[in-house]
Amino acid sequence: MDALTMKKAAGEFAARYVEPHMLIGIGTGSTAYWFIQALGERVKQGLQIRAVATSKESAQLASALQIPILELNDVDEIVLTVDGADEVDPQLRLIKGGGGALLQEKMVAAASRRLVIVADERKQVQQLGAFPLPVEVIPAGWKHVRRRILEMNCSRVELRGNPQPFVTDHGHYILDCYFGKIEDAHALNISLHQIPGVVETGLFLNLATEAIIARADGSIQIIR
Ligand code: DER
């Protein structure tokens, strides 16, 4: 299986978890894309659901597939959220944010009873950190935040976007931070949040309840 086929397999597998009348969260990225597409097919066949999106991009895709979209502030607990990830470790700790939607993704994840991650096998790691950690920051002070992060044993910090900075749905910038292998993700997350100007990090800890990993040999691995 190539990457696209693995992503499609993982997304479509997760769509089976959705039951009639469920309030779900829909993720962002090229794997969650296939989850949304599969849901759209089931909605066409009569499935009734409501969804909270993790990005404007996913909201537009879902709306085009006639999936009713609600705002996060207008719902209580989300039963199930399905989203992608950039890295998944054996303890279901994640690095997310490659798609630039980490703040809304984390708010939706935190409001969800279950967070199911869909990914291809290339996202599986023993230790987080090969993927640069996205950190969402307030544009006004990003250079000072960058300086503080570089003092934290981080080899490189890049403002995402070229030639113009990437601006998130919530109007912030993203710094991609090259920490290398992360020894203590919880401690790093706390340290980053202590820097004034940091809005959120791409470290998703104690949030995912399951991961659906599509493998190149055609198998699906479930991690709980
Ligand atoms: O930003 C994110 O966390 C997205 O879920 C994304 O990076 C996942 O990657 P994918 O496009 O390979 O599914």
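Computed from a predicted structure; not experimentally measured. (Residues numbered from 1 in each chain as written. Predicted model: local features only at pLDDT ≥ 70, side-chain atom pairs only at ≥ 80, totals over all residues. Heavy atoms only, no water.)

Another point: the UniProt feature "active site" (unreviewed entry) in the protein. When the UniProt feature table is mapped to this numbering, "active site" (unreviewed entry) covers Glu 105. Here Glu 105 shows up in helix α4 (residues 102–110). (UniProt positions renumbered as here; feature names shortened; annotations may be inferred. Helix = DSSP H or I, 4+ residues; strand = E, 2+ residues; numbered from the N terminus.)

Structurally, Glu 136 is set in strand β8 (residues 133–137). Buried and without a salt bridge, Glu 136 has Arg 160 as its closest oppositely charged side chain, separated by 8.3 Å. Among the polar contacts listed, one links the side chain of Glu 136 to the side chain of His 172, at a separation of 2.8 Å. With sequence-adjacent residues up to four places away left out, Glu 136 is seen in contact with Leu 102, Leu 103, Thr 168, His 170, His 172, Tyr 173, Ile 174, Gly 197, Val 198, Val 199 and Glu 200. (Buried < 20%, exposed > 50% of the residue type's maximum accessible area, 1.4 Å probe, protein only. Lys, Arg positive; Asp, Glu negative; His and termini not counted. Salt bridge = Lys/Arg side-chain N within 4 Å of Asp/Glu carboxyl O. Polar contact = N/O pair within 3.5 Å; in protein donor to acceptor, adjacent residues only side chain to side chain. Contact = heavy atoms within 4.5 Å.)

In the neighbourhood of the ligand, 16 residues make up the surrounding shell, with Lys 7, Ser 30, Asp 86, Gly 99 and Lys 123 lying closest. A distance of 3.4 Å separates an oxygen atom of the ligand from a polar side-chain atom of Asp 83. Between the ligand and the protein, one listed contact pairs an oxygen atom with a backbone N or O atom of Gly 98 at 3.2 Å. Relative to its free-state accessible area of 350 Å², the ligand is covered by the protein chains to the extent of 92%. Its residues placed into classes, the shell around the ligand shows 1 nonpolar, 9 polar and 6 charged. (Near = heavy atom within 4 Å. Areas by Shrake-Rupley, 256 points an atom, 1.4 Å probe, with all protein chains shown as cover. Nonpolar A, V, L, I, M, F, W, Y, C, P; charged D, E, K, R; others polar.)

Further remarks concern the sheet that holds strand β9 (residues 156–159). Strand order in the open sheet made by the 4 strands is β9-β10-β8-β11, with antiparallel pairing throughout. Single-partner strands in this sheet number two, and they are β9 and β11 (198–201). Taking each pair of neighbouring strands and ignoring which way they run, the sheet shows an average axis angle of 30°. Bridge count between β8 and strand β10 (residues 173–178): 5 bridges; the pairing is antiparallel. Paired with Pro 134 across the bridge in β10 is Asp 176. Each of β8, β9, β10 and β11 touches helix α5 (residues 142–150); the most contacted strand, β10, lies at about 15° to it. Across the sheet, helix α6 (residues 185–193) is in contact with β8 and β11; its angle to β11 comes to roughly 160°. (Pairing = 2+ DSSP bridges. Axes fitted to C-alpha atoms, helices over the stretch in contact; angles between N-to-C directions.)

Attention now goes to the nonpolar core. Val 18, Ile 24, Ile 26, Phe 35 and Leu 39 are the most contacted members of the largest nonpolar core, which totals 28 residues. When residues of this core are traced back to their parent elements, those giving at least two are α1 (3–15), β1 (23–26), α2 (32–44), β2 (50–53), α3 (56–64), β4 (78–83), β7 (112–120) and β13 (210–214). Core analysis: the next-biggest nonpolar cluster, separate from the first, contains 23 residues, Val 125, Ile 149, Ile 182 and Leu 192 among them. (Core = buried A, V, L, I, M, F, W, Y, C linked by side-chain atoms within 4.5 Å.)

Turning our attention to the packing of α2 against α3. Packing of α2 against α3 leaves a shortest axis separation of 9 Å and a crossing angle of 20°. Classified by the angle their axes make, α2 and α3 are roughly parallel. The crossing of α2 and α3 is right-handed. Here Tyr 33, Ile 36 and Gln 37 of α2 lie close against α3, whose contacting residues are Ser 58, Leu 61 and Ala 62. (Parallel < 35°, antiparallel > 145°, perpendicular 65-115°, else oblique. Left-handed = near helix turned anticlockwise from the far one by under 90°.)

Another aspect to go through is the sheet that holds strand β12 (residues 203–204). The strand order across the open sheet built from 3 strands is β5-β6-β12, with neighbouring strands paired in antiparallel fashion. Since the sheet does not close on itself, it has two edges, and those belong to β5 (87–88) and β12, each with one partner. Here strand β6 (residues 94–95) pairs with β12 via 2 bridges, running antiparallel. Each residue of the ladder has a partner; that of Leu 94, found in β12, is Phe 204.

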